[in-house]
Amino acid sequence: MKVFVIALIAALIPLKAASDEVRPGIMRTPDSRFESLKDFDFEPNYMNIQGLRIHYLDEGPEDGQPVFLLHGQPTWGYLFRHMIPPLADAGYRVIVPDMAGFGRSDKPAEKEDYSYPKHIKIMSELVKRLELSDAVFFGQDWGGLVGLRVVAEIPDRFSHIVVSNTGLISAEGIRARIGYPLLKLAVWWEGEKTFEE
């Protein structure tokens, strides 16, 4: 029993140390957790959007064509650490946000705060406030799903789109409620595939 209690306490300590409650229902990972990360010595920037502190990187020349890199789940801006320097060195202004709940951005406790529309609104607001124009959008995984909707909301801010390991959800209503389960059934029916297939 003693070993179990010690193991339980040891398991809970990192959870408490991993984030601090900055106000009721909003957690924030302390800056100390981001110190000395390999290949990630970029200067943090923050913007308050919808009551959340949203973190983003802004690297390269201010007058360079913006490249907006949006991460997927369960990653954060660290995903792009090897892309940022070459893009900035090539003269691009590289913008890399952490979506709400990820990286240095605030982490709401309520599940509803992570809705698809809310992520879109927050990222759209970030793009507008940064006054990005002629931007290249690159979205990976969930970042592509969110970012493609951001581009659709404010298309005049973007000139190019690049996506990786992503798609765009377009079905609504009955088509979505029936179509997605049918797609899952079709994938299951086909079974496992080899790399060559």
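Predicted model, so just to flag it, every value in this text is computed and none were measured.

Student: Residues and numbers for the overall build of the protein, please.
Tutor: Counting its regular elements, the protein contains five helices and nine strands. Of all intrachain contacts in the protein linking residues separated by at least 6 positions in sequence, the fraction that spans at least 24 positions is 68%.

Student: Give me the lowdown on the sheet that holds strand 3 (residues 45–49), citing residues and values where you can.
Tutor: In space, the six strands of this open sheet follow the order 3-4-6-5-8-9, with mixed pairing throughout. Only two strands of the sheet have a single neighbouring strand rather than two, namely strand 3 and strand 9 (158–164). Neighbouring strand axes in the sheet, compared pairwise and without regard to direction, differ in orientation by 25° on average. As paired elements, strand 3 and strand 4 (residues 52–59) share five bridges and run antiparallel to each other. By the bridge assignment, Asn 48 is partnered in strand 4 with Arg 53.

Student: Any details on the pairing of strand 1 (residues 20–23)? Residues and values, ideally.
Tutor: Direction of pairing for strand 1 relative to strand 2 (residues 26–28): antiparallel, over a ladder of three bridges. Paired with Glu 21 across the two strands is Met 27, which belongs to strand 2.

Student: Help me get a handle on the pattern of salt bridges, residues and values and all.
Tutor: Once their charged atoms are close, side chains differing in charge can pair, the charge on each being opposite to the other. Scanning all chains against the criterion turns up six salt bridges. With its nearest N and O atoms 3.3 Å apart, the salt bridge here joins Asp 113 to Lys 118. Between Glu 153 and Arg 149 there is a salt bridge, with its nearest N and O atoms 3.1 Å apart. Placement of both Glu 153 and Arg 149 in helix 4 (residues 142–153) is noted, with a separation of four residues, approximately one turn of the helix.

Student: Give a detailed account of the nonpolar core, specifying residues and quantitative values.
Tutor: Counting residues in hydrophobic clusters, the biggest one holds 43 residues, and the most contacted among them are Phe 68, Met 123 and Phe 158. Where this core is concerned, the elements lending two or more residues are strand 3, strand 4, strand 5 (66–70), helix 2 (84–89), strand 6 (93–97), helix 3 (116–129), strand 8 (135–140) and helix 4. Among the elements that make up this core, the one with the highest residue count is helix 4 (six residues). Not counting chain neighbours up to four residues away, the residues in contact with Phe 68 comprise Ile 95, Pro 97, Met 123, Leu 126, Val 127, Leu 132, Val 136, Phe 137, Phe 138 and Phe 158.

Student: Describe a nonpolar patch on the surface, and please don't skip the residues or the numbers.
Tutor: A surface patch of nonpolar side chains, about 740 Å² in accessible area, is lined by Ile 174, Ile 178, Leu 182, Leu 185, Trp 188 and Trp 189. Position of Ile 174 among the secondary structure elements: in helix 5 (residues 173–190).

Student: Tell me about helix 4, and please be specific about residues and values.
Tutor: It helps to recall that an α-helix has 3.6 residues per turn; residues three or four apart then point in one direction. With twelve residues, helix 4 extends 17 Å from end C-alpha to end C-alpha; this agrees with the ideal 16 Å at 1.5 Å per step. The element helix 4 is largely enclosed, with a buried count of nine among its twelve residues. Inspection of helix 4 places Trp 142, Gly 143, Gly 144, Leu 145, Val 146, Gly 147, Leu 148, Val 150 and Val 151 among the buried residues, and these make up the whole buried set. Residues of helix 4 that are buried sit in contact with strand 5, helix 3, strand 8 and strand 9.

Student: Explain the sheet that holds strand 7 (residues 107–108) to me, using residue names and the numbers behind them.
Tutor: Within a beta sheet, neighbouring strands are joined by backbone hydrogen bonds and run either parallel or antiparallel to one another. Ordered by their spatial adjacency, three strands build an open sheet running 1-2-7, and the pairing between neighbours is antiparallel. Strand pairing shows two members of the sheet lacking a second neighbour, strand 1 and strand 7, which therefore form its edges. Bridge count between strand 2 and strand 7: two bridges; the pairing is antiparallel. Considered in strand 7, the bridge of Met 27 is made with Lys 107.

Student: Describe helix 3, listing the residues and the values that go with them.
Tutor: With 14 residues, helix 3 should cover 20 Å at 1.5 Å per step; its first-to-last C-alpha distance of 20 Å lies within 8% of that length. Buried within helix 3 are the following residues: Lys 118, His 119, Ile 120, Ile 122, Met 123, Ser 124, Leu 126 and Val 127. Packing partners of the buried residues in helix 3 comprise strand 3, strand 4, strand 5, strand 6, helix 4 and strand 9. Two or three places before Lys 118, at the start of helix 3, stands the capping residue Ser 115, its side-chain oxygen 3.1 Å from that residue's backbone nitrogen.

The rules behind the values
- Residues numbered from 1 in each chain as written.
- Predicted model: local features only at pLDDT ≥ 70, side-chain atom pairs only at ≥ 80, totals over all residues.
- Heavy atoms only, no water.
- Helix = DSSP H or I, 4+ residues; strand = E, 2+ residues; numbered from the N terminus.
- Contact = heavy atoms within 4.5 Å.
- Pairing = 2+ DSSP bridges.
- Axes fitted to C-alpha atoms, helices over the stretch in contact; angles between N-to-C directions.
- Salt bridge = Lys/Arg side-chain N within 4 Å of Asp/Glu carboxyl O.
- Core = buried A, V, L, I, M, F, W, Y, C linked by side-chain atoms within 4.5 Å.
- Buried < 20%, exposed > 50% of the residue type's maximum accessible area, 1.4 Å probe, protein only.
- Patch = residues over 30% accessible without salt bridge, like charges linked within 9 Å, V, L, I, M, F, W, Y side chains within 5 Å.
- Areas by Shrake-Rupley, 256 points an atom, 1.4 Å probe, with all protein chains shown as cover.
- Expected span 1.5 Å × (residues − 1).
- Polar contact = N/O pair within 3.5 Å; in protein donor to acceptor, adjacent residues only side chain to side chain.

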